[in-house]
Amino acid sequence: GELSMPGSRYRLAEGVTFQPMGEGEDTVVLSLGAGQLYSCNDTATVLLQAIEQGGGLAEAAERLSAEFAVSRAEAESDLAVLAQELLAEGLIVEAR
């Protein structure tokens, strides 16, 4: 499919919850529908938190570049790839 644009909006899929495990730890993502447990890194955590708060890739990229000293462009491209993976796994869906 197409790569997501930075303005893309997503929401967590039905039955998906996540729990950051604290500083230096991965975030645990649970998909009740799929009965799957995932572990994800800081980049995914920032994206999921932005989505949960009603934000999109742009907000996540801003937070990522501020927190991890990466360029805005690099943050956006990492997040666009990650969003595709999360969509493919059914953890997030495009918000209409």
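Computed from a prediction, not measured in an experiment: that's the story for all the values here.

(A) Fine view of the pairing of strand β4 (residues 36–40). As paired elements, strand β3 (residues 27–31) and β4 share five bridges and run antiparallel to each other. Residue pairing for β4: Val 28 is matched across the bridge by Ser 39. Hairpin remark: β3 followed by β4, antiparallel, with four residues in the connecting loop; positive phi at Gly 35, about 60 degrees.

(B) How the structure looks around the nonpolar core. Counting residues in hydrophobic clusters, the biggest one holds 24 residues, and the most contacted among them are Leu 12, Val 29, Leu 47, Leu 48, Leu 79, Leu 86 and Ile 92. Of all the elements in the fold, those that place two or more residues in this core are β1 (10–12), β2 (16–20), α1 (42–52), α2 (57–68) and α3 (72–89). With six residues, the single largest contributor to this core is α1. In this view, Leu 86 contacts Leu 47, Leu 48, Leu 91 and Ile 92; residues no more than four positions away in its chain are not counted.

(C) Molecular detail of the packing of α2 against α3. At their nearest, the axes of α2 and α3 sit 8 Å apart, and the two run at 130 degrees to each other. It follows that α2 is oblique to α3 by the angle criterion. The two elements α2 and α3 meet at a crossing, and its hand is right-handed. Here α2 contributes Leu 57, Ala 58, Ala 60, Ala 61, Glu 62, Leu 64 and Ser 65 to the contact with α3, which in turn contributes Arg 72, Ala 75, Glu 76, Leu 79, Ala 80 and Ala 83. Of the residues assigned to the contact of α2 with α3, the class counts are nine nonpolar, one polar and three charged.

(D) The arrangement of the pattern of salt bridges in detail. According to the stated counting rule, one finds three salt bridges in the structure shown. Taking the shortest distance from any N to any O, the salt bridge between Glu 62 and Arg 72 comes out at 3.6 Å. On the criterion of sequence distance, the pair formed by Glu 62 in helix α2 and Arg 72 in helix α3 is long-range, its members being ten residues apart.

(E) Fine view of α2. Taking 1.5 Å per residue as the helical rise, α2 with its twelve residues ought to reach 16 Å, and the 16 Å between its terminal C-alpha atoms agrees with that figure. The set of residues buried in α2 consists of Leu 57, Ala 60, Ala 61, Leu 64 and Ser 65. Along α2, the residues classed as buried sweep out an arc of 130 degrees about the axis, all on the same side. Within α2, the exposed residues directed more than 90 degrees away from the buried face are Glu 62, Ala 66 and Glu 67. Residues of α2 that are buried in the fold lie against β1, α1 and α3. With its phi angle positive at about 50 degrees, Ala 69 sits one or two positions after the end of α2.

About the thresholds
- Residues numbered from 1 in each chain as written.
- Predicted model: local features only at pLDDT ≥ 70, side-chain atom pairs only at ≥ 80, totals over all residues.
- Heavy atoms only, no water.
- Pairing = 2+ DSSP bridges.
- Helix = DSSP H or I, 4+ residues; strand = E, 2+ residues; numbered from the N terminus.
- Core = buried A, V, L, I, M, F, W, Y, C linked by side-chain atoms within 4.5 Å.
- Buried < 20%, exposed > 50% of the residue type's maximum accessible area, 1.4 Å probe, protein only.
- Contact = heavy atoms within 4.5 Å.
- Axes fitted to C-alpha atoms, helices over the stretch in contact; angles between N-to-C directions.
- Parallel < 35°, antiparallel > 145°, perpendicular 65-115°, else oblique.
- Left-handed = near helix turned anticlockwise from the far one by under 90°.
- Nonpolar A, V, L, I, M, F, W, Y, C, P; charged D, E, K, R; others polar.
- Salt bridge = Lys/Arg side-chain N within 4 Å of Asp/Glu carboxyl O.
- Expected span 1.5 Å × (residues − 1).
- Arc of directions from axis to C-beta.

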